[in-house]
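What follows is each chain in one-letter form.
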Amino acid sequence: MSENHEHWMHRAIALAQQAAGNDEVPVGAIVILDNQIIGEGQNQPIASQDATAHAEIVAIRAACTEVNNYRIPGSTLYVTIEPCTMCVGAMIHARIDTLVFGAREPKAGALVSNLQLHEADIYNHKLYVVEGILSDECSDLMARFFKLKRF
C-alpha cells in the first residue's frame, strides 16, 4: 500500500514543481479512482486570479468533470501539503474517501496541524486521512520555494 501511495505522490510532487516554475506556491494534487488519475491540479491562484484555485480544488473540479458527477465516492486525493479549511470542505462535499498528504502545513493545515475538520461530527461524510507520504520531499520543495522568495 505504501509503495502505491509513493507512486501517486511522486506525480503530485511533479505538479507542485510545475507550480513553482510558474511562480505559484508549490502544491500539487491528483485524484485517483480505480487506480487511474481522473483529475490533477497544481496551485494557480495567481495565474488564474482565483483565490479558490488551490491544487486540490483544481484536481477535484477536473475529476468531477471526468466522472460527470459532483461526487466522487471511492476516490483518493493525493496532495503534497496538508490541505486548508476550504480544500478539506471541498473533499468532504465531493465524497472523496481517502486523502493522502505529504507534509504538514503548520499555519493553515486543517487536518492535523490546527484543526481536525475530518473528525467533526457536523458532516455526514467521513474522510480517511493518511499523512507523511514522502513528507521530506514535499516539505523541502516548499522550503526551497520560500527561501528563494526571501532573497
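The rules behind each value
Residues numbered from 1 in each chain as written. Predicted model: local features only at pLDDT ≥ 70, side-chain atom pairs only at ≥ 80, totals over all residues. Heavy atoms only, no water. Helix = DSSP H or I, 4+ residues; strand = E, 2+ residues; numbered from the N terminus. Buried < 20%, exposed > 50% of the residue type's maximum accessible area, 1.4 Å probe, protein only. Pairing = 2+ DSSP bridges. Right-handed = clockwise from strand over helix to strand, strands pointing away. Axes fitted to C-alpha atoms, helices over the stretch in contact; angles between N-to-C directions.

S.K.: Go over unusual backbone geometry with me, naming the residues and quoting the values.
M.R.: Among all residues except glycine, the phi angle is most often negative; among peptide bonds, the trans geometry is most common. Although it is not a glycine, N35 sits at a positive phi angle of roughly 65°. Positive phi values are uncommon outside glycine, yet L134 reaches one of about 55°. By secondary structure assignment, the location of L134 is in the loop between β5 (128–131) and α5 (135–150). Taking the relative accessible area as the measure of exposure, L134 reaches 16% and is therefore buried.

S.K.: Please set out the pairing of strand β3 (residues 76–81) residue by residue, giving values where relevant.
M.R.: For a regular strand, the rule is simple: side chains alternate between the two faces of the sheet. Of all six residues in β3, six are buried, a share of seventy percent or more. Taken together, the four bridges between strand β1 (residues 28–33) and β3 define a ladder with antiparallel strand orientation. Directly across from I30, in β3, lies its bridge partner Y78. As judged from the five bridges shared by β3 and strand β4 (residues 98–103), these two strands associate in the parallel manner. Of the residues in β4, the one forming a bridge with V79 is F101. You can see the chain leave β3, run along helix α4 (residues 85–93) and come back into β4, and the turn it takes is right-handed.

S.K.: Residues and numbers for the sheet that holds β5, please.
M.R.: If you trace the five strands from one edge of the open sheet to the other, you get β2-β1-β3-β4-β5, paired in mixed fashion. Taken across any chain shown, the strands that pair with only one partner, and hence form the sheet edges, are β2 (36–42) and β5. The mean inter-strand angle of the sheet, taken between neighbouring strand axes irrespective of direction, is 20°. Looking at chain direction, β1 and β2 are connected through six bridges and run antiparallel.

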